[in-house]
Every structure is written in structure tokens, then in C-alpha cells.
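# Close look at the chain arrangement
Residues per chain, in single letters:
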Amino acid sequence: MALVLTETQTEFRRSVRALLHANSPVSEHRRLRNEADPDGLSRKLWRQMATLGCLGLDTDPDDTGDSTGTESELGGMAELGLVLEQCGRQLAATPMISCILLSSRLLTELGTKRQRALLTEVATGDLLIATAYQEGSRHNPEHVDTVAQLLGDQLSLSGEKRFVIDGHIADWLLVSANIEGLSEPSLGILLVKADSPGVDLTRTTLIDGRNSATVRLNDVKLPRNAVLGDVSPPPHHATVLEEVLARAALAQAAEMMGIAAELFERTQEHLRTREQFGQKLASFQALKHRMAHWYIELELSRSVLMDANSGVDEGRDDWMSLAHHGKARLGRLCSLATAEAVQLHGGIGVTDESDIGLFLKRAKVAELTLGDSSFHTDAYARRLGI
Amino acid sequence: MSSPPTSPEPPADLDAFREDTRRWLADACPQSMRGPVPPGEGLNWGGSDQADQSEDSRLWLTRMAEQGFTLPEWPVEYGGGGLNRAEAKILRQELKALRARPALTGVGQLLLGPVLLEVGSETQKLEHLPKIARGQVRWCQGYSEPGAGSDLASLQCRAEDQGHHYLVNGSKLWTSYADRADWIFCLVRTDPDAKKHDGIGFLLIDMKSPGISTSKIRLISGESPFCETFFENVTVPKAQMLGEPTGGWGIAKKLLQYERSAAASLGGSSAVGGGSMLELAKEVVGLQHGTLADPELRLRIAQLKMDQSAMALSARRVGEEKREGTVGGTGAILKYVGTELNKKRYEVLMSILGTQGLGWDGSEYKPRDLATTRAWLRSKANSIEGGTSEIQLNIIAKRVLGMPD
Ligand SMILES: Cc1cc2nc3c(=O)[nH]c(=O)nc-3n(C[C@H](O)[C@H](O)[C@H](O)COP(=O)(O)OP(=O)(O)OC[C@H]3O[C@@H](n4cnc5c(N)ncnc54)[C@H](O)[C@@H]3O)c2cc1C
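Note that the coordinates shown come from a computational prediction; the quantities given were computed from them, not determined experimentally.

## Observations concerning the state of the cysteines
Residues and elements named next belong to chain A. Summed over all chains, the structure comprises zero disulfides over all chains. With no disulfide partner, cysteine 87 has as its closest neighbouring cysteine sulfur the one in cysteine 54, 7.7 Å distant. Residue cysteine 87 is classed as buried on the basis of its relative accessible area of 1%.

## Quick notes on the packing of aromatic side chains
Taken as a whole and assessed by the stated rule, the structure comprises 11 aromatic pairs over all chains. Of note, Arg374(B) hangs over the ring of Trp360(B), and the distance from its end group to the ring centre comes to 3.6 Å.

## Concerning helix 4 (residues 107-119) of chain B
Residues and elements named next belong to chain B. The terminal C-alpha atoms of helix 4 lie 17 Å apart, and with 13 residues this matches the ideal 18 Å at 1.5 Å per residue to within 8%. Of all bends in helix 4, the biggest is about 40 degrees, found at glycine 113, and the proline proline 114 comes one to four residues later. Residues Val107, Gly108, Gln109, Leu111, Leu112, Gly113, Pro114, Val115 and Leu116 constitute the buried set of helix 4. Looking at the packing, one finds that the buried side of helix 4 touches helix 5 (122-133), strand 1 (139-142), strand 4 (183-189), strand 5 (200-206), strand 8 (241-242) and helix 6 (248-264).

## A word on the domain arrangement of chain A
Residue and element names in this part refer to chain A. Assigned domains within chain A: domain 1 (7-94 + 120-126), domain 2 (130-234) and domain 3 (237-383). The straight-line distance from the C-alpha centre of domain 1 to that of domain 3 is 21 Å. Surface buried jointly by domain 1 and domain 3 totals about 1700 Å² across both partners, of which 54% is contributed by carbon and sulfur atoms. Of all residues in domain 1, the largest losses of buried area upon contact with domain 3 belong to Arg30, Met77 and Arg89, amounting jointly to 40% of the total for that side. Linking domain 1 with domain 3 are seven salt bridges, by the criterion used here. In this structure, glutamate 85 and arginine 302 form a salt bridge, with 3.0 Å as the shortest nitrogen-oxygen distance. When residues of the side of domain 1 that touches domain 3 are traced back to their parent elements, those giving at least two are helix 2 (26-34) and helix 5 (77-90). Per-element tally for the side of domain 1 that touches domain 3: the top contributor is helix 5, with eight residues. Taken together, the residues of the side of domain 1 that touches domain 3 sort by class into six nonpolar, four polar and five charged.

## With respect to the site of the ligand
Ser144(B), Ser150(B), Trp174(B), Thr388(B) and Glu390(B) are the nearest of the 29 residues found near the ligand. Nearby residues around the ligand are contributed by chains A and B. In this structure, an oxygen atom belonging to the ligand sits 2.7 Å away from a main-chain N or O atom of Gln343(A). Burial of the ligand by the surrounding chains reaches 94%, relative to a free accessible area of 970 Å².

## As for the interface of chain B and chain A
Contact residues are listed per partner, giving 45 residues for chain B and 38 residues for chain A. Here chain B and chain A share an interface that buries about 3300 Å² over both sides, 57% of which is from carbon and sulfur atoms. Per-residue buried area on chain B facing chain A is highest for Ile220(B), Leu358(B) and Glu364(B); these three make up 22% of the total on that side. In this structure, the connection of chain B to chain A is made through five salt bridges. Here Glu364(B) ties to Arg162(A) by a salt bridge, and the two come within 3.6 Å at their closest N and O atoms. At the surface where chain B touches chain A, the tally comes to 25 residue pairs in polar contact (both at pLDDT 80 or more). At the level of elements, helix 8 (295-324), helix 9 (334-353), strand 13 (359-361), helix 10 (367-379) and helix 11 (389-400) of chain B are the ones that each hand at least two residues to the side of chain B that touches chain A. Of all the elements, helix 9 of chain B adds the most residues to the side of chain B that touches chain A, at six residues. Across the side of chain B that touches chain A, the residue classes tally to 22 nonpolar, 12 polar and 11 charged. In this sheet, strand 13 of chain B lies alongside strand 6 (residues 199-206) of chain A in antiparallel orientation, the contact comprising two bridges.

Cut-off values and rules
- Residue positions are counted from 1 within each chain, in the order its sequence is given.
- Chains and ligands are labelled by the order in which they are written, letters from A for the one and numbers from 1 for the other.
- In keeping with the predicted nature of the model, local features appear solely for residues at pLDDT of at least 70, side-chain atom pairs appear and are counted solely at 80 or more, and the whole-chain, interface and lining totals rest on all residues.
- The basis for every side-chain value is the complete set of non-hydrogen atoms in the structure, without hydrogens or water.
- When the sulfur atoms of two cysteines come within 2.5 Å, that pair is taken as a disulfide.
- Only protein chains enter the accessibility calculation, which uses a 1.4 Å probe; a residue is then buried when its area is under 20% of its type maximum, exposed when over 50%, and partly exposed in between.
- By convention, a stacked pair of Phe, Tyr or Trp rings (six-membered ring in the case of Trp) has centres within 6.5 Å and planes under 30 degrees apart, an edge-to-face pair has planes over 60 apart, and any other such pair is tilted.
- We call a charge positioned over a ring when the NZ of a Lys or the CZ of an Arg lies within 6 Å of the ring centre and within 35 degrees of the ring normal.
- Numbering of helices and strands runs from the N terminus, with a helix taken as a DSSP run of H or I at least four residues long and a strand as a DSSP run of E at least two residues long.
- Each helix should span, by expectation, one fewer than its residue count multiplied by 1.5 Å.
- A residue's bend is the angle separating two fitted axes: one through the seven residues that end there, the other through the seven that start there.
- We call two residues in contact when some of their heavy atoms are within 4.5 Å.
- These domain boundaries are the output of an automatic or database domain assignment.
- Summed over both partners, buried area is the accessible surface (1.4 Å probe) that two parts give up on being assembled.
- Salt bridges are identified by distance alone: a Lys or Arg side-chain nitrogen within 4 Å of an Asp or Glu carboxyl oxygen.
- Each residue is assigned to one of three groups, with Ala, Val, Leu, Ile, Met, Phe, Trp, Tyr, Cys and Pro labelled nonpolar, Asp, Glu, Lys and Arg labelled charged, and all others, Gly among them, labelled polar.
- Here a residue is near a molecule or strand as soon as one of its heavy atoms is found within 4 Å of it.
- Here a polar contact is recorded for every N or O atom pair within 3.5 Å, except that within protein the pair must consist of a potential hydrogen donor and a potential acceptor, and residues adjacent in sequence are included only if both atoms are side-chain atoms.
- Areas reported as accessible are Shrake-Rupley estimates using a 1.4 Å probe. Residue values count occlusion only from the protein chains shown.
- Pairs of strands are assigned from DSSP output, requiring at least two bridges between the strands.

Written out as C-alpha cells, the structure reads:
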């Protein structure tokens, strides 16, 4: 794919933008936060996004039926990126990353036909699935202490998962665990109903007003076909999990692109309006250079993201490297963007009344979600073979 | 200007002074006033509103104030301790050894006091300094306005000469703790026809004066420490003008120097809720083959440590130069370096905490981590308050390097 949008994509972006503008202005995000909304997001918006086909973008149309009306030309990272970038601009709180990029994708890649049947309801926005993979305070999917013990036809699942994005409202959970009791121990992803006995979900409120959950699993009894795919031969889900996490990180980077671009435009507008020393702030050369520098970083990032998205869609050999580059770069871009936006707004930038702080907080969560710049630079270096 | 009286005690008695001070402090300092300030608790800012201070904190302030130890080097008649430099140093050392928290802080003690001491009339000094030293009056700073931030001298808040009093009208923005302060020092326009720097007065105003109101502004960290302050036909006695009615700008700048050197000291600390950054990193990130498991973060921490050390050494050099009387341009860099460093320090802390630093509240997060996260948000203002980083760079370029506007 060329590094420009096709006509269909531009049209799709326009529809997404129109939908989010109308239904999810930043003030809506502020309202959800101020009212400490138990969901932390709008289910209505989620269903509206379903109608637009956003929720089926990462699944096989055969699994979701035709109900979403997704056009065949659409359906890939490029489109997902467009949706998420727009979410970033509007601070729209949606379960896009947790439910679509992570859970739908894992089900699509690994699920049996019976398990994939859940995807129909996911695509309509009626069912939410969260993925519980993280155990410590950093992104390290290989660190799994959670155990699924196989005893005959039953599994017993125990462990603790942290920072499970949207886990507080999930109907189902996908849980990574070491399956024990097979010929060889192996990592598997298990499908668990969130209200199963032994599952304890504790909602946690994050700085961006959204929610995640701590999931405590205490001897949760499951049938052996709760494991995605099949348990015999022993599943090797680790590689697929790594790939799905890399794709999700890239989508997260697209949201960050939206945040950085929105902050840029808002700051530019502020500098053009605010006067000190009898002139517009935008007329000070020191500030012009700061904006020019920021613009350069934005443009570099955009090129990288577009290429990474098409790299995924085309199935290029190096797509994982591209994804790592994307998330690493966008983490750094967001550090720059949030620091500049706050600083160049002056006092108003550190008030709760201004939207700038809402972007700053969301950007920090996004930066640390699915691996920070340090993690992804390291992963990139590994792929360079150094 | 009167110079502080020197202590009657000859240097030979310094050991005795240390002994006495140590013994007194050991008795006077409540246990809960030793060690780091726990999350959720704040230092004592003095003033009539002591509601958020513990019994111990009030007691500690009272005891220290009785000795004049809240402002040890000030003259006794103004509420100070009348100590000479060597004694004051001993007091600092003994307080540090006890890990005692400051009994009093705030803009009265740190910013206004030193300026009053220098330029105030005898009556003004006798009226205000002892109350500052005893922590009886809490002050706030009325400089900025909606239209006057970086361009402070363009301020509009008006003080009209009405014969025996001034009539003040206008508003101030970002007035920290105006809602809890007893008095405010304000920059006001006394002569609207003069050039902008020449028509400014420095006025001391009782916050209980009729016509003053405040409205709180919330910060991104969730606290509401600053306000917009409104003045509507506020009557202020003329005796409350500090210096000449049109000489306020010079005083304002003097005070800013104290403010900036106080702000500069922010970046040096590496404490987090009682522990150190290095301990936190080892606890949260963990070690692998004897070094921090995240190699990039490890280098960022090391870089930060180097920067902190460079900052501390420069601050020390400025101090030594001052004593030698060979003041160079280094002092002008400290506000910029200290505040930028503090922001960087909190960015590093957030990277260390990872997702466990993303909580806003709730039992799933440690109080230490929640407090660090709020402090990270608060640190964003450091390079804005007290004159922005950009303005500091302008000052360095212009005043130190002599570059044209
Ligand atoms: C937490 C906090 C507490 C505060 N407490 C007090 C208080 O108690 N009392 C009080 O009086 N004030 C207080 N202030 C106000 C503070 O002094 C001002 O916010 C500050 O001086 C900046 O002014 P401004 O907010 O209007 O920003 P602006 O002056 O509008 O600046 C916006 C941006 O433009 C940049 N800029 C402006 N001019 C230039 C130039 N010539 N060249 C290059 N860049 C430029 C600035 O550096 C900044 O990045 C406080 C502020 C904060 C954030």
C-alpha cells in the first residue's frame, strides 16, 4: 500500500469522525469521569460504532455473519488505525483495544468454531471480552504464574492478573495460564465466563478516568475445552499471544497519534490567540521552533504508523519490527506532545478545567499499556539480532 | 536598613550551643514530626487556618517559634532567633540529624519576609515579621492576572490614591492558597499613565477586607491549591504600601529571586514516600544478572543521578561565589535546571512504577504509588509557576549573555 489513504479509507475515516464528533466529544469523557460512571465508557457509543462496522474489523467476516455490514475492502490494521486515531483525538473511551484488538483477535486466531461463535455478539457490541495476560506492573507477557491444572476432563485455574483493561465490565475473559498435567507444560489461553465461581473482579479507577480490573482466580473450575483451540496436542499459544499483543500495541500507537495530533492543533491555536508582551505568543521565534520541531516528530511518526499498518495488512515478514517501532516511537512522541502542550499553555495547562490535562493522563496510560517505549525498543533491537 | 545583630556568644561557645540545641530539639520535636511527611499530610504553612494540621504539628510550630527557630537568622525583635551564620548552620545540622520536618513553610517565611526585612519601614517590619515568624499569619502572592502571566508588568489590577487610603479594583489569577491565606501581597497599578514598569506598587492587603473574594481552581493533580482572587472597591490603608507607590517593580523582582531559588531546590530530591528512587526501582522493576531488569530505564536513572549531581554542585558553587563576592551568571540557571529536573525525575518515577502508577484512587493501589502519581502531575507546573522555563531562558540570554531582545 502506498503511504496515502485510499478513497474508501478516506470515506470511512469521515464516517468515524462524524460519529465520534456527534456522540463522543471530550466533554462526554469528562462527564463519565466526573460522574465516576461504573462502566467508564458509553455502551451506546459502542453499539453505534458496531453499526459502522468498526467492531468486526479484526475478525473473519464468516465468524461475525453479515450483520455488521462491513465492506469487503475494509477490514485491517489500516482501518483499525483510523478508528483509534479518531478515538485519540476525541478521548473516546471504548473497549476497542481490549475487546477487539486483543480478545476478538485471539479468538479468531485460536478459537474453535464453537468458541468463535461469541464473535457475532461481539461485533454487534452486545458482548464484551477482556484479555487478562499481565501479572506484574510491567508489560511482560512471558511472566505467567497463573496455573491451569488439568485433572481428567476438568481444569482448575488459579492466579492473579492485573491491569486487565475493561475487565470490570467484561462478560468473558481470556486468561493466559500455564497448563499443567499435559505431556509437556505449555502456555495456553483460556476462555472463562466472568461470573464463574472463583473469579473475583476488582474494578480500579485509572488516572484517565477509565477502568481496568484486578482479576483474582481462585480454583476456577472449567471444562478442558475452555482452552482456546484444543488441549491435545498441547497448545503453544505463546507465539500467537506475542503477535496479537504486537498488533494491539500498534493500534494503541494509532490512538496516541490522535492524541499527539490533537494536542498539536490545540496548542497551535492557543499560541495564535494568547497575547503577552503586546504580541501573539505564536510570534516568538523560540516558540515557533518548538512547534516546528514537534511537527517534524508528528510527521515522522505518521509515516512509520502508516507503513506499519500496511505491513501488517500485507503480511510482510518484518511486520513485528514495524509494530515495535510504531509503539516505541509513539510513546516518545506522546511524551514530547504532552510536555509541550502543557508547558506552552502556561498556567491554564495544569488546570483540571482545561482539556489538556485529560489528554496528558490518557497519553500516560496509553504509553504504559501493552509495553512502553523501552520495551518496544528492546524488542526491536532483538529483531535486529543485536 | 538595619543589619541583623550578631550573636553575643563568641565562637568558642559553638560546641555548647550545639549541645544545648541538640538537647532542646530532642525534647521539643514530637516523634510524628520526624522522618518523611507521609502521603496525604502536608507541612505547616502557618496562619489562622490550622484545621488540616495535627496536634503535633501545631505544637512543633509553637515550640520552634518560641525559640525563634522558624527564622533563626532574623533579629529577635522581629520574631527571629538572632543566630549568627555558624549557629544557624548548627541548628540546620541538628534538625537534619533528627530528621525533623520544617516546623513552618510558606511564602511569608520564604519570599515576603526577606524582602520586608530589606525594604520595609520599621513599623511594617514590627507589624508583620513577628507574625510571619510565629506562623500566625499565612500570606499569598498576588502577582499574576488573566492578561499578565509571563508579561507580569502588564498587570491591570488598579490601586487608586484616595487621600488616606487606596481603592483596589481588579483580579488576580493563580493565587496559590488565596482561600486559606490571611494576607496577600499584591502588585497593583498605581499610575496608569507611567511606562508599564514604572507605575506599579507593592501593596499588603488583609484578606478579610470587605470586597475581596476568591474562587478555587482545581489542578490536574486533583487538588485545588490555587484561586482567582477578586477585588471590588477594596479599601487599603496607605501605610500598607511597601516602598514607593511606583517602586513596586523593583521589589517584585527581588522577591522573585527568592521564589526562584526556592523552586530550584525541587529537582535535587530523590526521595519517594520515605524510600529512595533506587530502592523503588529494585523493588518494582527487579534485578537481572545484578543490574536493573530494564536496561533503558537503568540508563535514564543513572543520567538523572548525574544531572542531579551537576545541579547540586552548581548550586553549591553559586553559594561559595556569593560568599567570596565573585557572583557570576550561574545563579540564573538554577530555577530552570531545578524545575526541569524535577519534571524529569517524576517521568522516571512513572516509568519505574509502570502500570501500578496509573491508579487514581482505590484500594488496589499503594498510598505511596498514588501519592507519587499525583506528585508527577503536580510537577508539570514547576516549569510554569514562578516564571516559566522560557522566561528563564530569556533572562539568561539577555542578562547573563548580554544578547539583544
Ligand atoms: C501551580 C501554580 C501556582 C502558581 N501560583 C501563583 C501565585 O501564588 N501567585 C501568582 O501571582 N502567580 C502564580 N502562578 C502563576 C504563574 O506565575 C504564571 O502561570 C506564569 O508566570 C506563566 O504565566 P501564564 O500562565 O499566563 O502563561 P503565559 O505567559 O501565557 O505563557 C504561555 C507560554 O508561552 C511562553 N511564553 C510567554 N512569553 C514568551 C516569550 N517572550 N518568549 C518565549 N516564550 C514565551 C511561556 O513560557 C509559556 O510556555 C502560579 C502558576 C502555577 C502553574
